[in-house]
Amino acid sequence: MDSPSTLLIGPYDPHCGEFTFLAPPLGVWRLAGVLEAAGIETKVFDPNCCREPPQRALERVLLSGAWDIVGVSTTGMTLRFDLELAHIVRRVTPEAFIVAGGMEATFRPELMFELGPFDLIVLGEGERPLLDLVARRRAGQPLGGIAGTAERNQDGQIIRIPQRALSRDELRDAIYSTPYDKMPYSAYWERLESAYRIGALPSKAAREAHLAEIRSVRLITLNYCPMGCTFCSATNFLHEAEGSVASIARLEADECLTMIERIMAAHPRARTIIFQDDIFTFTRDRRILPLCEGIIAAKQNGRIPAHLQFISTNRIDAMSTERLTAMRRAGFRVLGFGIESFSPRVLAEFNKAQIHRHIEPMLSAALASGVTPFLDLILSSPHAALEDVAQTLREAYRWLRQGCEIGMYPYVIPFSGAMLAKDPSLLPHTHYARRHVAGTDIAWQQPVKILPIDPDVTDAILRMERSFESMLGPLERQVAHLPSRLRSLLWILSSLPIMAERGQYIADEREVRCELYARLPALRPEAAMLAAATA
């Protein structure tokens, strides 16, 4: 075969951003860029950016050419939808060689072979395995034994062949290959602007603020987060593929600037660049200050627009007044912090005890510098007590009123590869949901919640969840896009009577309702009546 053609399919989130970022699948596009740079005809199919049902759109793409290799990216949250697309590939193009990749494929290749029509599973980063696979197809060589893959032998056994993570230079070259000029960011922006009803906002300032949030482009500069949080699988992704501890690799400050300039050349309407690294600033970080200085200089000499802003996720114990000041001057307007909990006991359970003493001073310093902190929180942990939940709710509401934004989750989600998900003692407290792959008779039980061991805490959390969902549905039908920072207020509101029954006062209910309704975007007349009736 002279030139095998490759089709790469991104994770499919039919809930429009509930399970994935509402943006082009960055890892899939990076892989496409690497393959194209090697002279391999490659197309990306993004199921979240179709003008018709994705299933029908995929069929059209499959019938439009002879695809030798089809790669399907998978995540735990989107797995049943990803598998639906994989089975469509097998039905429409039965001769294609189908490969699964991504988080879920790396941690559970045996499940991929059981549920999907896959010929091979990629473990970890896909660049080297796919280049090797294409080279072998081109040469007519056997396709077994490729480093960084899992295969099934004639006896049905799963054979895992590890690969080392990309080196720093290899990672840089892969990032440089990302074809930002082909990525349909404008289509995503149009969808978001419609969801936010930008034209209906009452002031230019409000419209500009929302456009700065919507017209964003994502950039990854790091291969993985080394924090080792027990609820997270990202730390272990490359370790799992390598079979040992992978080395950290990331772009240097000047390389970050090179990518910023390339992004702005490809998408000049962009207002914000989001550094999608799980952790952008380390405690011992020699990059952040030179990068900020470089951004400021690039704005002054016109290499990048003066109005360009940035968002990143950072370790809060890596922050200092000096760094916050420099980041604000460079245009960082939102800094994400994985706080997870305000309870020292829960933070210790999450392997984050060291951050507790930094939370109060660094959030205060960030707000004082004009930066908006975005806090990710998990209300409960497996060993949480009721007071732990109450402490996080109270502190979340306090910081929200001071100007922080918050994303809130009620319990630990058992992501494949996370330490808590692998803890056998937590199996009795792990809840499952029956998942079905549309268009097939395939179904399985997927772990979806790790609930607290304390039955009273579990009862409170599940009642909050039911209350939250009962309020969310009517609001979503009546208002424009409801982002996570507003959903967090809804979680707090849902918790008030339930926690009060247990002697835990969180906040004044009328006050919380006023906070919620004052922040609702583009409130319709019917929703305004609902707000007045429930205030």
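Keep in mind that this is a model prediction, so the values were computed, not measured.

Scoring rules and cut-offs
- Residues numbered from 1 in each chain as written.
- Predicted model: local features only at pLDDT ≥ 70, side-chain atom pairs only at ≥ 80, totals over all residues.
- Heavy atoms only, no water.
- Helix = DSSP H or I, 4+ residues; strand = E, 2+ residues; numbered from the N terminus.
- Contact = heavy atoms within 4.5 Å.
- Pairing = 2+ DSSP bridges.
- Axes fitted to C-alpha atoms, helices over the stretch in contact; angles between N-to-C directions.
- Buried < 20%, exposed > 50% of the residue type's maximum accessible area, 1.4 Å probe, protein only.
- Right-handed = clockwise from strand over helix to strand, strands pointing away.
- Expected span 1.5 Å × (residues − 1).
- Parallel < 35°, antiparallel > 145°, perpendicular 65-115°, else oblique.
- Left-handed = near helix turned anticlockwise from the far one by under 90°.
- Nonpolar A, V, L, I, M, F, W, Y, C, P; charged D, E, K, R; others polar.

1. Focus: the overall build of the chain
Piece 1. Regarding its fold elements, the chain presents 21 helices and 15 strands.
Piece 2. For the chain, long-range pairs separated by at least 24 residues make up 72% of all intrachain contacts whose partners lie at least 6 apart in sequence.

2. Brief notes about the sheet that holds strand β4 (residues 97–102)
Piece 1. In spatial order, the strands read β2-β1-β3-β4-β5-β6-β7; together these seven strands make up an open sheet with mixed pairing. Every interior strand has two partners, whereas the edge strands, β2 (42–45) and β7 (158–161), have only one. Averaged over all pairs of adjacent strands, the angle between strand axes in this sheet comes to 20°, irrespective of strand direction.
Piece 2. Sheet analysis places strand β5 (residues 120–122) next to strand β6 (residues 149–152), joined by two bridges and oriented antiparallel. If you follow V122 over to β6, its bridge partner there is T149.
Piece 3. Running at roughly 170° to β2, helix α2 (residues 54–63) makes contact with β1 (6–9) and β2 of the sheet.
Piece 4. Set on the sheet, helix α3 (residues 79–92) makes contact with β1, β3 (69–74) and β4; between it and β3 the angle comes to about 170°.

3. So, the sheet that holds strand β10 (residues 309–314)
Piece 1. Strand order in the open sheet made by the six strands is β8-β9-β10-β11-β12-β13, with parallel pairing throughout. Taken across any chain shown, the strands that pair with only one partner, and hence form the sheet edges, are β8 (216–219) and β13 (405–409). Across the sheet, the mean angle separating the axes of adjacent strands is 20° when strand polarity is ignored.
Piece 2. Running at roughly 135° to strand β11 (residues 332–340), helix α13 (residues 321–330) makes contact with β10 and β11 of the sheet.
Piece 3. Sitting on the sheet, helix α19 (residues 484–501) is in contact with β12 (372–378) and β13, with an inclination near 60° to β13.

4. Digging into the pairing of β12
Piece 1. A large share of β12 lies buried, amounting to five of its seven residues.
Piece 2. As judged from the five bridges shared by β11 and β12, these two strands associate in the parallel manner. Residue V334 lies in a different strand from β12, and its bridge partner there is T372.
Piece 3. The handedness of the β12 to β13 crossover, carried by helix α16 (residues 386–402), is right-handed.

5. Digging into α16
Because an α-helix completes one turn every 3.6 residues, residues spaced three or four positions apart along the sequence face the same direction.
Piece 1. When the terminal C-alpha atoms of α16 are compared, their 25 Å separation across 17 residues agrees well with the 24 Å that a helix rising 1.5 Å per residue should span.
Piece 2. Taken residue by residue, α16 has L386, D388, V389, A390, T392, L393, A396, Y397, W399 and L400 as its buried positions.
Piece 3. One or two positions beyond α16, positive phi appears at G403, with a value near 125°.

6. A closer look at the packing of helix α12 (residues 288–300) against α13
Piece 1. Two elements in contact, α12 and α13, have axes separated by 9 Å at closest approach and are oriented at 25°. On the basis of the axis angle, α12 is roughly parallel to α13. Handedness of the crossing formed by α12 with α13: left-handed. Every residue of α13 that contacts α12 at I288, L289, C292, I295, I296 and K299 is listed here: E322, R323, A326, M327, R329 and A330.
Piece 2. Residue composition of the contact of α12 with α13, grouped by class: eight nonpolar, no polar and four charged.

7. Comments concerning unusual backbone geometry
Residues other than glycine predominantly adopt negative phi, and peptide bonds predominantly adopt the trans conformation.
Piece 1. For E340, which is not glycine, the phi dihedral falls at a positive 70°.
Piece 2. On the secondary structure map, E340 appears in strand β11.
Piece 3. With relative accessibility at 8%, the residue E340 sits in the buried group.
Piece 4. In this structure, N351 is a non-glycine residue whose phi angle is positive, near 65°.
Piece 5. Note on placement: N351 falls in the loop between α14 (344–349) and α15 (356–369).

8. Focus on the packing of helix α7 (residues 168–176) against helix α11 (residues 253–266)
Piece 1. The N-to-C vectors of α7 and α11 enclose an angle of 10°; their axes lie 11 Å apart at closest approach. Judged by the angle between their axes, α7 and α11 are roughly parallel. Two secondary-structure elements touch here, α7 through R168, R172, I175 and Y176 and α11 through E255, T258, M259 and R262.
Piece 2. A per-class count over the contact of α7 with α11 returns three nonpolar, one polar and four charged.

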